[in-house]
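For reference, the chains in residue letters:
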Amino acid sequence: MTQDDCIVFIVDDDQRICEALSELLAARGLASVAFNSIADYLAFPRPDLPGCLILDIELPDINGLEFQKQTDHEQHPPIVFITGHGDIPSSVRAIQRGAVDFLTKPFSETELMKSIHTAIDRDCDARLERAELMTLKRRLSSLTSRERQVLPLVVSGLLNKQAAAELGISEVTLQIHRSKIMHKMQAASLADLVRIAERLQVPITHSRRAGTSSK
Amino acid sequence: MKAMSPLRTYGLAIAIFGVGLLVFWLSGEQEEITVRHTYMRMALLAAIAIVTGFLIQESQRQAALDRAVYDAREFLESIPGLAWIVDTEGRLTKVNTSLRDYLGAVDTNNLDCRQVIHPEDFDRTAGLMSQCLENGQEFHGAYRLRRHDGTYRWFRVAASPRHDRNGKFNGWYVILLDIDDQKVQEEALRASEHSVRSILDNIPGMIATADSQGNQDYANKTQRDYFGLDLLELSGLGFLSIIHPDERDSVAAARQRCIQTGEPMDRAYRMRRRDGLYRWFHARLEPIFDEDGKVIRWYGLFTDIDDLKRAEQALEAKELQLQRLIDALPTLVWSAHPDGSTEFLSRRWLEYTGLSQEQASDWGWIAAIHSDDRDRLVEYWRSLLATGAPGEIEARLRRFDGQYRWFLFQGEPVLDASGIVIHWFGSNTDIDDRKRAEEALRARQYELQQLVDTIPTLVWSVTPEGEPAYINKQLEAYYGRKIDHSEPQEGTKLDGALGRLMHPDDLEAVKRSLIHSLKTGEPFAMRYRNRRGDGIYRWVDNRAQPLRDDDGRIVKWYGVIIDIDDEMRAHDIVRATQDKLSRASQLASLAELSASIAHEVNQPLAAVITNSHACQRWLSADPPNLQRARITAERMVRDSMAAAEVVSRIRALFKQTASSRTSINLNEVIGEVRQLMFDEIISQGIFVETDLDAALPPVLADRVQMQQVLVNLVRNGIDAMKSTIDVSKSLKFGSRRHGEDAILVDVRDNGDGIAETERIFDPFFTTKAGGMGMGLAICRSILESHDGRLWAENIEPRGTMFSFTLPIQSGDAA
């Protein structure tokens, strides 16, 4: 992992902690930005880089855990909590909500760095996945409305004939739509298309066996 | 010249002659003879003269005698009475014509006088006559003489004894005067006098007469019998001896005055009875005057008035006693005429009102009545006068000093035999104190009644037998009905009442307990379900105590019923909350402390460690970044110092506690804390007051923390009053706005106060044996974390006040 293309955000109302953490991360070659409050943090235009948030729980404006609850897990970098007096219920809740770690001050460098790396890795993965999904979504959006109607039927495993009947179109027409879809979605095979559809959460609405529309 | 007896005349002449001879003879030797002859002749001449004179005189006398005999006869015949001469034998020797006529044609010579004198009278007078004879006295008497027609008439008789020349008694000269008519009159007079005398003697009064000089000359029998004295002893000044010594001098003086002036006497005094006892008499002496206006006699009437006097004295004594009684009565006594005007006012009445007899007379007494009561009283009084019925009324009477006091005016008519009102008797009794007491009592009773009816408690009472006696308005409202005492009941009223008002499941137990209490007098206390007026059963706490009289007998049972249904329901919730809180507040001090310490110490510690790692990194870099290493090292030093400082300023450690702040009303929190601490407060006998600002703005705060702060302060207060015994413990909560942007809450106790109002907030500073000294430190840190302040001050007259401020919630409260 590279040291330059990631960033660590620090939010702690204790300026000393902010300084120390920044210093340590700097010494480790990690870029960091420190804030004393969530408000400041939110006001900062975050660069589109993988990163993580080292978040103190006791903050003047909002409780760290509360902030976590409110954040968009998809978009927000992973959080490593640091706290002066951690209690088990809080830490459990934090972890359940997707926190990378829950460190009790004072924490060791190793602990911290491990958590940061984990977080950044996780962010990288998430970002990657997010990018991929974005591509797929872009592709999906390129489909016509009829194609978008066809897609769920195809990935549901209906035969062309069944799908055509469902839509009240000819089997030939359906086949044309299907090939267009395969192309647009850059699917190598039907199985690939099914996987893509799954990732795009295209609902599987029909079953080949039943032959009737059902849930 | 008086005629001389012949014998003495001759004797005298011889004597004179003899003297002449004697002188002649005796003087013979000394005198000359001539002289002697002269003497002789002179004596002879004298003797001759005397004899001659005598002879002349004798002849004259003889002539006179003859004439006298004639005259006597004539005289005897002519005297207008009967005359006789009797001899010693009682035979009539001579009688005059009148007598002869009287006796009729009887030969009067030698008539025995016994034949004509009434035998009774003869016998009666015979003794007297013989006595007169012996004494040579004349006889005076009266007897009856038989007239010729045989009737006897009374004659007054005068008889003188008759002697012969030798002086020998030879009969009586008797003159008789017809006094028969006179005698009859006399008899009548005597009878009349006798009758008068017997009247005088028998009248039950003493009658006396006295001469002009006051010497008593008559006393009737009553008087004589009374005094046992005779007239002699009473005459002159002798009567004074029987007058009571007390009146003696005055009576003597009065008598003297009467005698001198002739004024009648009219007075009462005591006179001694024969047995030595003095009795009162009314003496009235009237003079009789002659034509010249000179007093001739005194007539006196003495009336025994002793009984009267005694009765009078008794009456006087009684009257005096009555007067004293009236004056001594602690009430104002009066009497009035039938027309309502004043007749009599007791001394007290006059003294009390300060009015004079004149002022109060007639209807003047009205002036002493309070003007507000006057018309009412007068109207009432007139109504009594009109009807003649006794009555009483209350009104204010003015005292001499102008003060009005309430009196009870009572009037009672006095009727005569025919039922007509002749007087009104009355009394005015001071009832002011009583009236005031009554009013106070009434007010107090009313107040008590109001109190009993107003206090939000259900009050009841029953008789010792358990009969319902009273329920207050609240209880009436609670049951939605009155307990009708006249309602017919099966069994006792209590049974009926219980049956209606109790949950059937509790009925038996309550009844048993109540009957037990009624029987033994033990206080009754039970919790059970009561049927409210709306038919809903609710839990109540019913307690009753007996009221006993001085002898320990139960007079009444008084009870209160407290609806505890809500409490019963809330109880579990409260208990749970309390448990939680007490656990929390106990743990809070330790857990929070450690957490705070941890937080506060760990913060710089974490910085130090992190910096040290960074420092290490910079040093171990290639090339080592000494510049950055130094910076981190400096920070390490700084933060370590900060950590050390934290330890020395533990209070600061509590600054950053996690809290969940919401908009809360401190008044509510105070209410909650009171509720939570209720048992503790009550068990300590503490009286809680509140002075809460109803318009208290809300604050952004942690409710639990605020509870903790207040619980802490309340505990502190309770602890501070633990040793308070001389005054009633009180805890006072206050809340109000503090300036523009804050509120202030205070908790006051009246304990002993505290010596160091600032140090108590230092951690580990404690004045309590079991205290850790963290409570107030935490409280202060909680408040400071809320941007508030907490402080303490001692208050007058005693106790401590803890106050804290909190900022009022605003849009950007941070």
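Procedures and definitions
- Residues numbered from 1 in each chain as written.
- Chains lettered and ligands numbered in written order.
- Predicted model: local features only at pLDDT ≥ 70, side-chain atom pairs only at ≥ 80, totals over all residues.
- Helix = DSSP H or I, 4+ residues; strand = E, 2+ residues; numbered from the N terminus.
- Buried ≥ 20, exposed ≤ 12 C-beta atoms within 10 Å, placed from the backbone.
- Contact = placed C-beta atoms within 7 Å.
- Pairing = 2+ DSSP bridges.
- Axes fitted to C-alpha atoms, helices over the stretch in contact; angles between N-to-C directions.
- Core = buried A, V, L, I, M, F, W, Y, C linked by C-beta atoms within 7 Å.
- Nonpolar A, V, L, I, M, F, W, Y, C, P; charged D, E, K, R; others polar.
- Parallel < 35°, antiparallel > 145°, perpendicular 65-115°, else oblique.
- Left-handed = near helix turned anticlockwise from the far one by under 90°.
- Expected span 1.5 Å × (residues − 1).
- UniProt positions renumbered as here; feature names shortened; annotations may be inferred.
- pLDDT = per-residue confidence, 0-100.

## Comments concerning the overall build of chain A
In terms of helices and strands, chain A carries 9 helices and 5 strands. The helix and strand sequence of chain A, counted from the amino end, reads β-α-β-α-β-α-β-α-β-α-α-α-α-α. The 215 residues of chain A split such that 38% are buried.

## Looking at the overall build of chain B
On a plain count of helices and strands, chain B comes out with 22 helices and 28 strands. Per-residue burial for chain B yields a buried fraction of 24% across its 814 residues. Counted over contacts in chain B with a minimum sequence separation of 6, partners at least 24 positions apart contribute 49%.

## Quick look at the sheet that holds strand E8 (residues 216-219) of chain B
All names here are of chain B. Ordered by their spatial adjacency, 5 strands build an open sheet running E8-E7-E11-E10-E9, and the pairing between neighbours is antiparallel. Either end of the sheet is taken by a strand with one partner, and the two such strands are E8 and strand E9 (265-272). Between one strand axis and the next, the sheet turns through 25° on average, direction left out of account. Here 8 bridges tie E9 to strand E10 (residues 278-289), and the two strands are oriented antiparallel to one another. Within the sheet, the bridge partner assigned to Tyr269 lies in E10 and is Phe281. Each of E9 and E10 is contacted by helix H8 (residues 245-261), which is oriented at about 140° to E9, the strand it contacts most.

## Details of unusual backbone geometry
Residue and element names in this part refer to chain B. A cis amide bond, omega -5°, links Asp622 with the succeeding residue Pro623. Positionally, Pro623 belongs in the loop between helix H17 (565-620) and helix H18 (626-648). Between Glu796 and Pro797 the backbone carries a cis peptide bond, its omega angle lying at -5°. Within the secondary structure layout, Pro797 lies in the loop between strand E27 (789-794) and strand E28 (800-807). Located in the positive-phi region is Asp362, a residue other than glycine, with phi close to 55°. Its place among the elements puts Asp362 in the loop between helix H11 (357-360) and helix H12 (371-387).

## Here we look at the nonpolar core
In terms of nonpolar packing, the biggest core is built from 50 residues, with Val80 and Phe81 of chain A touching the most fellow members. It is H17 of chain B that contributes the most residues to this core, 8 residues altogether. Ignoring any residue separated from it by four or fewer positions in sequence, one finds Val80 of chain A in contact with Cys52, Ile54, Ala99, Val100, Asp101, Leu103, Ser115, Ile116 and Ala119 of chain A. Among the nonpolar cores identified, the runner-up in size contains 35 residues, and Leu731, Val747, Leu790 and Phe802 of chain B belong to it.

## A closer look at the interface of chain B and chain A
Of the residues lining the interface, 23 residues belong to chain B; the matching set on chain A comes to 20 residues. Residue assignment for the side of chain B that touches chain A shows that the elements contributing at least two residues are H17 and H18 of chain B. Grouping the constituent residues of the side of chain B that touches chain A by class yields 11 nonpolar, 8 polar and 4 charged.

## Some points on the environment of Ile85 of chain B
Residues and elements named next belong to chain B. Within the fold, Ile85 resides in strand E1 (residues 82-86). Sequence spacing of Ile85 and Ser160 is 75 residues, and the spatial spacing of their C-alpha atoms is 9.6 Å. Discounting residues that sit within four places of it in the chain, Ile85 has contacts with Thr93, Lys94, Arg162, Gly171, Trp172, Tyr173 and Val174.

## Notes on the environment of Lys183 of chain B
All names here are of chain B. Within the secondary structure, Lys183 sits in helix H5 (residues 180-202). Accessibility expressed as a C-beta count within 10 Å gives 18 for Lys183, which makes it partly exposed. Residues Lys183 and Arg156 lie 27 residues apart in sequence; the distance between their C-alpha atoms is 9.2 Å.

## What about the sheet that holds strand E5 (residues 101-104) of chain A?
All names here are of chain A. Across the sheet, 5 strands lie side by side as E2-E1-E3-E4-E5; this open sheet has parallel pairing. Among the strands making up the open sheet, the edge pair consists of strand E2 (31-35) and E5. Neighbour to neighbour, the strand axes of the sheet diverge by 20° on average, direction disregarded. Helix H5 (residues 109-141) contacts strand E1 (7-11), strand E3 (51-56), strand E4 (79-83) and E5 of the sheet and is inclined by roughly 135° relative to E3.

## Section: the packing of helix H20 (residues 666-683) of chain B against helix H21 (residues 703-720) of chain B
Residue and element names in this part refer to chain B. In contact at an axis separation of 9 Å, H20 and H21 are set at 45° when each is read in the N-to-C sense. With respect to H21, the axis of H20 lies oblique. As H20 runs across H21, the sense of the crossing is right-handed. Along the contact surface, H20 presents Leu666, Val669, Ile670, Glu672, Val673, Leu676, Met677, Glu680 and Ile681, while H21 presents Arg703, Met706, Gln707, Leu710, Val711, Val714 and Ile718. Taken together, the residues of the contact of H20 with H21 break down into 12 nonpolar, 1 polar and 3 charged.

## Topic: helix H8 (residues 171-184) of chain A
Residue and element names in this part refer to chain A. Across its 14 residues, H8 extends 20 Å between first and last C-alpha, which sits within 8% of the 20 Å expected from 1.5 Å per residue. Considering only its buried residues, H8 is in contact with helix H6 (145-155) and helix H7 (160-167). Following H8 by one or two positions, Gln186 has its phi on the positive side, about 55°.

## Digging into the UniProt feature "transmembrane region" (unreviewed entry) in chain B
Under the UniProt annotation, "transmembrane region" (unreviewed entry) lies at residues 7-26 and 38-56 of chain B. From the first C-alpha to the last, residues 38-56 of chain B spans 27 Å; its make-up is 100% helix and 0% strand.

## Describing the pairing of strand E5 (residues 152-163) of chain B
Residues and elements named next belong to chain B. The sheet contact formed by strand E4 (residues 139-146) and E5 spans 8 bridges and is antiparallel. Note on E5: the bridge partner recorded for His140 is Ala158. Counted along the chain from E4 to the antiparallel partner E5, the turn is 5 residues long, and its residue Gly150 has a positive phi close to 90°. Where E5 lies against strand E6 (residues 169-178), 9 bridges are found, and the strand directions are antiparallel. In the sheet register, Ser160 faces E6, and the bridge partner there is Tyr173. In sequence, E5 turns back onto E6 through a hairpin of 5 residues, with Gly167 there showing a positive phi of about 85°.

## Considerations on H5 of chain B
With 23 residues, H5 of chain B should reach 33 Å at 1.5 Å per residue; the first-to-last C-alpha distance of 31 Å fits that figure. Of all 23 residues that make up H5 of chain B, 1 are buried, and the element is exposed over most of its length.

## Things to note about the confidence of the model for chain B
Residues and elements named next belong to chain B. In the predicted model, chain B carries a mean pLDDT of 80, and 87% of its residues have values of at least 70. Confidence drops under pLDDT 50 across residues 485-491; counting only partners more than four residues distant or on other chains, this segment forms 4 contacts. Here residues 651-658 is a poorly scored stretch, pLDDT under 50, and it has 24 contacts once near neighbours within four places are set aside; other chains count. The complex model carries a pTM of 0.32, and its ipTM stands at 0.72.

## Let's talk about the packing of H6 of chain A against H8 of chain A
All names here are of chain A. Closest axis-to-axis distance for the H6/H8 pair is 9 Å, and the angle between their directions is 90°. Relative to H8, H6 is oriented roughly perpendicular. Listed contacts from H8 to Arg146, Glu147, Val150, Leu151 and Val154 of H6 are Leu174, His177, Arg178, Lys180 and Ile181. Residue composition of the contact of H6 with H8, grouped by class: 5 nonpolar, 1 polar and 4 charged.

## A closer look at the confidence of the model for chain A
On average, residues of chain A score 83 in pLDDT, and 92% of them are at 70 or above. Note that residues 211-215 of chain A has pLDDT below 50 and, in this model, 3 contacts with residues that lie over four places away or in other chains.

## Description of the environment of Leu136 of chain A
For Leu136 of chain A, the location among the structural elements is in helix H5. Look past the residues within four positions of Leu136 of chain A in its chain and what remains in contact with it is Ile196, Arg199 and Leu200 of chain A.

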